[in-house]
Amino acid sequence: MHRVVLQREIRSRASHKALSWFNSSNPFRHAHSLPFATVEAEEISGSQPAEVQNLVQGKWKGSAVWNTLVDPLNGEPFIKVAEINENEIQPFVESLSKCPKHGLHNPFKSPERYLLYGDISAKAAHMLSLPKVSDFFTRLIQRVSPKSYQQAFGEVYVTQKFLENFSGDQVRFLARSFAVPGNHIGQQSHGYRWPYGPVAIITPFNFPLEIPVLQLMGALYMGNKPILKVDSKVSIVMDQMMRLLHHCGLPAEDVDFINSDGKTMNKLLMEANPRMTLFTGSSRVAEKLAVDLKGRVKLEDAGFDWKILGPDVEEVDYVAWVCDQDAYACSGQKCSAQSILFIHENWSTSSLISKVKDLAERRKLEDLTVGPVLTVTTEAMLEHKKNLLQIPGSKLLFGGEPLQNHSIPAIYGALKPTAIYIPLEEILKPTNYELVTKEIFGPFQIITDYKKDQLPMVFDALERMHAHLTAAVVSNDPIFLQDVIGKTVNGTTYAGLRARTTGAPQNHWFGPAGDPRGAGIGTPEAIKLVWSCHREIIYDFGPLPRGFEIPPST
């Protein structure tokens, strides 16, 4: 992250001229200091509540019912969300239904729109590079999904770099085709990437900007018409980002944006029948959608993510720091967070565990290096701790207590970073395995150890897991790396001394493996896999052979 901070400082010094242009180029200045914004992140409060609207058929609109959200840090009502109910979904259904299966553009239809989206990406990337804009989104993210400034800024930074990556001609390069010679003169087969047309995107609370923007833009690049639903707890971030994209030239009719509960969204999907739905979130909802939508889904669901420390003990301070970051940054609310740590016996004489403990205990609510857990209550996490500690040989290594001196509302969790040791033999017992590998979306991890001859037992534990998102193999031993990588499946696996499970940037694939429904994010390969399908056009012009005669029936 030091590189990111340095990059930000460099951009800050270099952007004064650009910021001056940005401020002067807006002829419609209003009370807010940014031309697209309708809120001031730090002024949102009970006395000045923000409002989140819906976008359908090119127009912003409210709803019959406004749902009031409470501030996750103090419980004060501070955001009103216009949540669409089941009786209000028809305009959204109609909007999606207007989009044909061949999409808003494809290689044979409106190809100039590939250039349009390269231009939109360039302008949006520039906007997000301005310190005033990046700070706005960083602080807005902090208001609704409390995390440290550096973690929230990292989300904005990755989004900005992604948009930069797909500027100019890069969007049309996503639709690159290929040709294969035919069997005779005049015949050639061409393979094209083809849009699905009407699609849906459903994203979670933990990355309010990065996940929805990267998936939304990928869908648009390939020619689709998306409806976007972000968890209402954090949808104010995408409300504002949609306005920024409109400011950068995004046609207002190209995207619909909806706030609703899960039941209403499910009804909308069943009626609108999108050709593909991208879902990022819990495994339970993912499996339901897969059935309801007859398999027309791409999923990036839950991840009980593992890390293995190999036999070579090196750079204990660094490895401990990465373990702390992976398990407890964003209060453990990352789908890539380190859920279980397997430590080779060679590390037993090192100070690794004590160093991880010290790092975890320096986290504090004041700077949001630990904070509210938005989907698991304190009581539920303490109950899970209690159940784990009933396993023979288990012990609490650190944490396991509620945060003190806070005003986090009871509907959310507030727990000190926690680690529980459980013997490997006990983890593998059928009576314990499901309990131990239950994902707790908070600052909570399992730690175990293994001897050299127990590596097959570790592989057994990994093989029985049902989600295969991220993993880390911390070792510079090439034989060990080869063995572990060859016998595992996680879609985003980091290998080497500096391996981690979290912190995925925009420059490599991020997504699960081992499931044909698995979705990726961030790269050209991910965009083409998730947001387009293959179409083959076989040209056969002739000429016919001289003296052609109709042959016998076959």
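Since the model is a prediction, treat every value here as computed from it, not as a measurement.

Observations concerning the sheet that holds strand E18 (residues 470-474)
The strand order across the open sheet built from seven strands is E15-E16-E17-E14-E13-E18-E19, with neighbouring strands paired in mixed fashion. For this open sheet the edge positions go to strand E15 (395-398) and strand E19 (492-495), each flanked by a neighbour on one side alone. Neighbour-to-neighbour, the strand axes of the sheet open up by a mean angle of 20°, direction not taken into account. For strand E14 (residues 338-344) and strand E17 (residues 444-450), the ladder comprises five bridges, and the chain directions are parallel. Bridge pairing in E17 links Ile340 to Ile446.

So, the sheet that holds strand E5 (residues 77-83)
The strand order across the open sheet formed by three strands is E1-E5-E4, and the pairing between neighbours is mixed. Looking at strand neighbours, the two that pair on one side only are strand E1 (50-52) and strand E4 (65-70), the edges of this open sheet. Pairs of neighbouring strands in the sheet enclose a mean axial angle of 25°, with direction left out of account. Of the strand pairs in this sheet, E4 and E5 are connected by six bridges, and their pairing is antiparallel. By the bridge assignment, Trp66 is partnered in E5 with Ala82.

Quick look at the packing of helix H6 (residues 149-165) against helix H8 (residues 210-221)
Taken N-terminus to C-terminus, the directions of H6 and H8 make an angle of 15°; their axes are 9 Å apart at the nearest point. Judged by the angle between their axes, H6 and H8 are roughly parallel. Note on packing geometry: the crossing formed by H6 with H8 is right-handed. Packed against H6, whose contacting residues are Glu155, Val158, Thr159, Phe162 and Leu163, the element H8 presents Glu210, Val213, Leu214, Met217 and Tyr221 at the interface. Looking at the contact of H6 with H8 residue by residue, the classes come out as seven nonpolar, one polar and two charged.

Some details on the packing of helix H4 (residues 112-129) against helix H5 (residues 131-144)
Contact geometry for H4 and H5: axes closest at 5 Å, N-to-C directions at 80°. When the axes of H4 and H5 are compared, the pair comes out roughly perpendicular. Along the contact surface, H4 presents Met127, Leu128 and Ser129, while H5 presents Pro131, Val133, Ser134 and Phe137. Here the residues of the contact of H4 with H5 are counted per class, giving five nonpolar, two polar and no charged.

A word on the side chain of Ser394
Along the chain, Ser394 turns up in the loop between helix H14 (378-388) and E15. Judged by its relative accessible area of 15%, Ser394 falls in the buried class. Within the structure, Ser394 has its side chain in polar contact with the backbone oxygen of Leu388 (distance 3.1 Å). Within the structure, Ser394 has its side chain in polar contact with the backbone oxygen of Ile391 (distance 2.7 Å). In contact with Ser394, not counting residues within four places along its chain, are Leu388, Leu389, Tyr421, Ile422 and Pro423.

Overview of a negative patch on the surface
Taken together, the side chains of Glu345, Glu425, Asp449 and Asp453 define an acidic patch exposed on the protein surface. Within the secondary structure layout, Asp449 lies in strand E17. Here Asp449 falls in the partly exposed class, since its relative accessible area comes to 35%.

What to know about the UniProt feature "domain: Aldehyde dehydrogenase" (unreviewed entry) in the chain
With numbering matched to this structure, UniProt assigns "domain: Aldehyde dehydrogenase" (unreviewed entry) to residues 70-494. For residues 70-494, helix accounts for 40% and strand for 19%, while the C-alpha atoms at its two ends are 38 Å apart.

Notes on empty space enclosed by the protein
Enumeration over the complete set of coordinates arrives at three cavities of 30 Å³ or more. Among the secondary structure elements, those contributing two or more residues to the lining of the largest cavity are E14 and E17. If one sorts the elements of the lining of the largest cavity by residue count, E17 sits on top with three residues. Its residues assigned to classes, the lining of the largest cavity comprises eight nonpolar, seven polar and three charged. What the second largest cavity holds in volume is close to 50 Å³. For the second largest cavity, the full set of lining residues is Leu69, Val70, Pro72, Phe78, Ile79, Val144, Lys233 and Tyr412. Mapped onto the lining of the second largest cavity, the elements with two or more residues apiece are E4 and E5. Of the residues that constitute the lining of the second largest cavity, the class distribution is seven nonpolar, no polar and one charged.

Structural notes on helix H9 (residues 236-247)
Between the first and last C-alpha of H9 there are 17 Å, a value that for twelve residues agrees with the 16 Å anticipated at 1.5 Å per step. Among the twelve residues of H9, ten are classified as buried, and the element is accordingly described as predominantly covered. Turning to H9, its buried residues number three or more, namely Ile236, Val237, Met238, Asp239, Gln240, Met241, Met242, Arg243, Leu244 and Leu245. Looking at the residues trailing H9, positive phi occurs at Gly249, about 110°.

Considerations on the side chain of Asp71
By secondary structure assignment, the location of Asp71 is in the loop between E4 and E5. Apart from the residues within four sequence positions on either side, Asp71 is in contact with Glu76, Phe78, Arg143 and Pro409.

Observations regarding the pattern of salt bridges
What the rule picks out here adds up to 25 salt bridges. Of the charged contacts in the structure, one is a salt bridge between Glu164 and Lys161, with a shortest N-O distance of 2.6 Å. Of the two residues, Glu164 and Lys161 both sit in helix H6, three residues apart, roughly one turn of that helix. Residue classification places Lys161 among the buried residues on the basis of a relative accessible area of 18%. For Arg517, the salt bridge identified is with Asp515, shortest N-O distance 2.8 Å. Several salt bridges converge on common partners, so that one network encompasses Glu42, Asp135 and Arg139.

Cut-offs applied
- Residues numbered from 1 in each chain as written.
- Predicted model: local features only at pLDDT ≥ 70, side-chain atom pairs only at ≥ 80, totals over all residues.
- Heavy atoms only, no water.
- Pairing = 2+ DSSP bridges.
- Helix = DSSP H or I, 4+ residues; strand = E, 2+ residues; numbered from the N terminus.
- Axes fitted to C-alpha atoms, helices over the stretch in contact; angles between N-to-C directions.
- Parallel < 35°, antiparallel > 145°, perpendicular 65-115°, else oblique.
- Left-handed = near helix turned anticlockwise from the far one by under 90°.
- Contact = heavy atoms within 4.5 Å.
- Nonpolar A, V, L, I, M, F, W, Y, C, P; charged D, E, K, R; others polar.
- Buried < 20%, exposed > 50% of the residue type's maximum accessible area, 1.4 Å probe, protein only.
- Polar contact = N/O pair within 3.5 Å; in protein donor to acceptor, adjacent residues only side chain to side chain.
- Patch = residues over 30% accessible without salt bridge, like charges linked within 9 Å, V, L, I, M, F, W, Y side chains within 5 Å.
- Areas by Shrake-Rupley, 256 points an atom, 1.4 Å probe, with all protein chains shown as cover.
- Salt bridge = Lys/Arg side-chain N within 4 Å of Asp/Glu carboxyl O.
- Lys, Arg positive; Asp, Glu negative; His and termini not counted.
- Charge placed at Lys NZ, Arg CZ, Asp CG, Glu CD.
- UniProt positions renumbered as here; feature names shortened; annotations may be inferred.
- 1 Å grid on protein atoms, 1.4 Å probe; cavity = no way out; pocket = protein on both sides within 12 Å on 5 of 7 lines; lining within 4 Å.
- Points joined across faces, edges and corners; volume = space filled by probe spheres on them.
- Expected span 1.5 Å × (residues − 1).

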